[in-house]
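A structural walkthrough
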Amino acid sequence: MCGLNELDRPFSTGELLSDLGLALDTDGWRHELAQLEAAGATEVVYQPAGADVPRELESFAKVVGG
């Protein structure tokens, strides 16, 4: 929920996001959300972004809805 400045942009790669656990496939996100729930989380904040917000919302719903 932040934007990158020009200084950080070249270093914020897909590889970095993957290494940090922020770029996951569907199974990876389901696993992450299950771990949060097992730890006691009852809510998750999600902010869709980009040009196609309805698609982003539908994609998130598919991940969390099974």
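None of these values were measured; they are calculated from a predicted model. (Residues numbered from 1 in each chain as written. Predicted model: local features only at pLDDT ≥ 70, side-chain atom pairs only at ≥ 80, totals over all residues. Heavy atoms only, no water.)

Let's talk about the overall build of the protein chain
When helices and strands are tallied, the protein chain shows three helices and zero strands. N-terminal to C-terminal, the α/β element order of the protein chain is α-α-α. Relative to the globule expectation of 11 Å for 66 residues, the C-alpha radius of gyration of the protein chain, 14 Å, shows a markedly less compact shape. Counting all 66 residues of the protein chain, 5% fall into the buried class. Of the roughly 5500 Å² that the protein chain leaves accessible, carbon and sulfur atoms contribute 57%. (Helix = DSSP H or I, 4+ residues; strand = E, 2+ residues; numbered from the N terminus. Rg over C-alpha atoms; globule rule 2.2 N^0.38 Å. Buried < 20%, exposed > 50% of the residue type's maximum accessible area, 1.4 Å probe, protein only. Areas by Shrake-Rupley, 256 points an atom, 1.4 Å probe, with all protein chains shown as cover.)

Side note on a nonpolar patch on the surface
Residues Leu16, Leu17, Leu20 and Leu22 make up a contiguous nonpolar surface patch of roughly 360 Å² in combined accessible area. Following the sequence through the fold, leucine 17 ends up in helix H1 (residues 14-19). (Patch = residues over 30% accessible without salt bridge, like charges linked within 9 Å, V, L, I, M, F, W, Y side chains within 5 Å. Salt bridge = Lys/Arg side-chain N within 4 Å of Asp/Glu carboxyl O.)

Things to note about the pattern of salt bridges
Here the structure, examined in full by the defined rule, presents two salt bridges. Of the charged contacts in the structure, one is a salt bridge between glutamate 6 and arginine 9, with a shortest N-O distance of 3.3 Å. For glutamate 6, a relative accessible area of 61% puts it in the exposed group. Residue classification places arginine 9 among the partly exposed residues on the basis of a relative accessible area of 41%.

Distances and angles like these do not, on their own, reveal function.
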